[in-house]
Amino acid sequence: MAARRSLAVLMDPLESIKPAKDSTIAMLAAAARRGCETWFFTQADLSARDGRAMARLRPIEIAGQGKDWHRTGEPVVRPLAGLDAVLMRKDPPFDTEYVYTTYLLERAEAEGALVVNRPQGLRDMNEKVYTAWFPDCCAPTLITRDMDAMQAFLAEQGRIVCKPLESMGGRSIFVIGSGDKNARVVFETLTDYGHRYAMVQRYLPEIAETGDARILLVDGEPVPHVLARMPGPGDHRGNLAAGAKGVSRPLSDRDRWLCARIGPTMRERGMLFVGLDVIGGFVTEINVTSPTGIRELEAAHGGDIAGSLIDAVLARLPRR
């Protein structure tokens, strides 16, 4: 009998997880259904000894979505290279600790473990900045520290969205229009008075009608339906964490074109699970750290998105 494949997930602490909505939990359950040993650990459990990536791992069994949704076993410290695959599912912020984590995971990768998404890609592909690699897919965008340049961009576009580069979930996102007396304060806040880069994009009014669509790519190929996140009353943010409502719809022709443009690069660079954020036919972010949306789309349309990802992971492992 062939040995079972082993898969560990680096994730946020279990007490912060909402299992009914969490894509990582769907992945762990899908891996178990495929006969894998499943483990979890956090950043606090990760270390390196003499160049070897080590982790304090706990076995985990997903038991449903209620109060007692998981069962865990006793921890064991072992080299990550002894596992077949490691899923990196730690949420942003993308801070220095996150970067250090990718370094340690890269040591595991060098010893033979498959790390998804690939650590180098996690460092290289900032979810907002990496849109600059696909300008034909995006609305007018400026990344700068220069507050005067931001002011000029606002005058040119009429209405803009302003974002920090390192956060997630709709945090610290502003929409301002020409003549807004708060514009300078927003620019000062986001750039720390010109000491930090920030992003400004043309405001896309289509968000009010069609939402902020999340397209999931599994090994470069799009899931057939997208999750359109409709801003809540009195809000401009299409983020579920900020109160947006998720409504699914089939992929459009424009969606498929965007996926064909971006998907192959993601596959080639080892980014097996990616979320494209699309408003009005334009990509606003390329999410590679811990994209979500699996639970909502599976609830609406069935299927096994998490299973497709695990299948893609297993397909990349060497045969025994």
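My aim in this report is to walk through the structure given alongside it, one point at a time. No experiment lies behind these values; they were computed from the predicted model shown. (Residues numbered from 1 in each chain as written. Predicted model: local features only at pLDDT ≥ 70, side-chain atom pairs only at ≥ 80, totals over all residues. Heavy atoms only, no water.)

A count of helices and strands for the protein chain gives nine helices and 18 strands. For 320 residues, the compact-globule estimate of 2.2 N^0.38 gives 20 Å, and the C-alpha radius of gyration of the protein chain, at 20 Å, lies within 12% of that figure. Among the 320 residues that make up the protein chain, the fraction classed as buried is 49%. Long-range contacts, defined as pairs at least 24 residues apart, comprise 67% of the intrachain contacts of the protein chain with a sequence gap of at least 6. (Helix = DSSP H or I, 4+ residues; strand = E, 2+ residues; numbered from the N terminus. Rg over C-alpha atoms; globule rule 2.2 N^0.38 Å. Buried < 20%, exposed > 50% of the residue type's maximum accessible area, 1.4 Å probe, protein only. Contact = heavy atoms within 4.5 Å.)

Reading across from one edge, 9-12-10-11 is the order of the four strands in this open sheet, with antiparallel pairing throughout. Each of the sheet's edge strands pairs with one partner strand only, and the pair in question is strand 9 (141-144) and strand 11 (174-177). The average angle at which neighbouring strand axes cross in this sheet is 25 degrees, direction not considered. Pairing between strand 9 and strand 12 (residues 198-202): four bridges, direction antiparallel. (Pairing = 2+ DSSP bridges. Axes fitted to C-alpha atoms, helices over the stretch in contact; angles between N-to-C directions.)

Structurally, the α-helix is built with 3.6 residues per turn, so residues lying three or four positions apart point the same way. In terms of burial, helix 1 (residues 23-33) is largely enclosed, as nine of its eleven residues are buried. Those residues of helix 1 that sit buried are Ser 23, Thr 24, Ile 25, Ala 26, Met 27, Leu 28, Ala 29, Ala 30 and Ala 31. Taking the backbone nitrogen of Thr 24 as reference, a side-chain oxygen 2.9 Å away marks Asp 22 as the first, capping residue of helix 1. Positive backbone phi, at 85 degrees, marks Gly 35, one or two positions downstream of helix 1. (Polar contact = N/O pair within 3.5 Å; in protein donor to acceptor, adjacent residues only side chain to side chain.)

With that out of the way, let us pick up the pattern of salt bridges. A complete count under the given rule lists 22 salt bridges for this structure. Close ionic contact of Arg 34 with Asp 311 constitutes a salt bridge, the shortest N to O distance being 2.6 Å. Of this pair, Arg 34 sits in the loop between helix 1 and strand 2 (37-41) while Asp 311 is found in helix 9 (residues 305-315), placing the two residues 277 residues apart along the sequence. Among the charged side chains, a network of salt bridges with common partners joins Arg 33, Arg 34, Asp 304 and Asp 311. (Salt bridge = Lys/Arg side-chain N within 4 Å of Asp/Glu carboxyl O.)

Here the focus is the nonpolar core. Ranked by internal contacts, the top residues of the largest apolar core, which has 39 residues, are Phe 41, Leu 80, Met 266, Leu 276 and Ile 286. A per-element tally of this core places helix 7 (residues 253-268) first, with four residues. Beyond its immediate stretch of four places on either side in the chain, Leu 276 contacts Ala 213, Arg 214, Ile 215, Leu 217, Cys 259, Ile 262, Glu 285 and Ile 286. Within the second largest apolar cluster, 34 residues are counted, among which are Leu 7, Ala 26, Trp 69 and Leu 297. (Core = buried A, V, L, I, M, F, W, Y, C linked by side-chain atoms within 4.5 Å.)

Next up on the list: unusual backbone geometry. Cis geometry is adopted by the peptide bond preceding Pro 93, which originates at Pro 92 and carries an omega value of 25 degrees. With respect to the helices and strands, Pro 93 occurs in the loop between strand 7 (85-88) and helix 2 (96-110). Note that the residue after Val 116, namely Asn 117, is joined by a cis bond; omega there is -5 degrees. Assignment of secondary structure puts Asn 117 in the loop between strand 8 (114-116) and helix 3 (119-124).

Moving on to the side chain of Thr 42. Looking at where Thr 42 falls in the secondary structure, it is placed in the loop between strand 2 and strand 3 (46-49). Apart from the residues lying within four places of it in its own chain, the contact partners of Thr 42 are Leu 10, Met 11, Asp 12 and Pro 13.

Along the chain, the position of Thr 144 falls in strand 9. Taking the C-alpha atoms as reference, Thr 144 lies 9.9 Å from His 195; in sequence the two are 51 residues apart. A polar atom in the side chain of Thr 144 sits 2.9 Å from the backbone nitrogen of Asp 146.

Inspection of the entire model under this criterion finds four aromatic pairs. With 4.9 Å between their ring centres and 40 degrees between their planes, Phe 94 and Tyr 98 make a pair best called tilted. A relative accessible area of 22% means that Phe 94 is categorised as partly exposed. Judged by relative accessible area, which is 1%, Tyr 98 ranks as buried. (Phe/Tyr/Trp six-rings, centres within 6.5 Å; stacked < 30°, edge-to-face > 60°.)

This part takes up the packing of helix 1 against helix 9. When two helices pack together, their arrangement is captured by the angle between the axes and the distance separating the axes. Contact pair helix 1 / helix 9: the axes reach a minimum separation of 8 Å and the direction vectors enclose 60 degrees. Here helix 1 and helix 9 pass one another in a crossing that is right-handed. Contacts from Ala 26, Met 27, Ala 30 and Ala 31 of helix 1 reach helix 9 at Ala 306, Gly 307, Leu 309 and Ile 310. For the contact of helix 1 with helix 9, the residue count by class is seven nonpolar, one polar and no charged. (Left-handed = near helix turned anticlockwise from the far one by under 90°. Nonpolar A, V, L, I, M, F, W, Y, C, P; charged D, E, K, R; others polar.)

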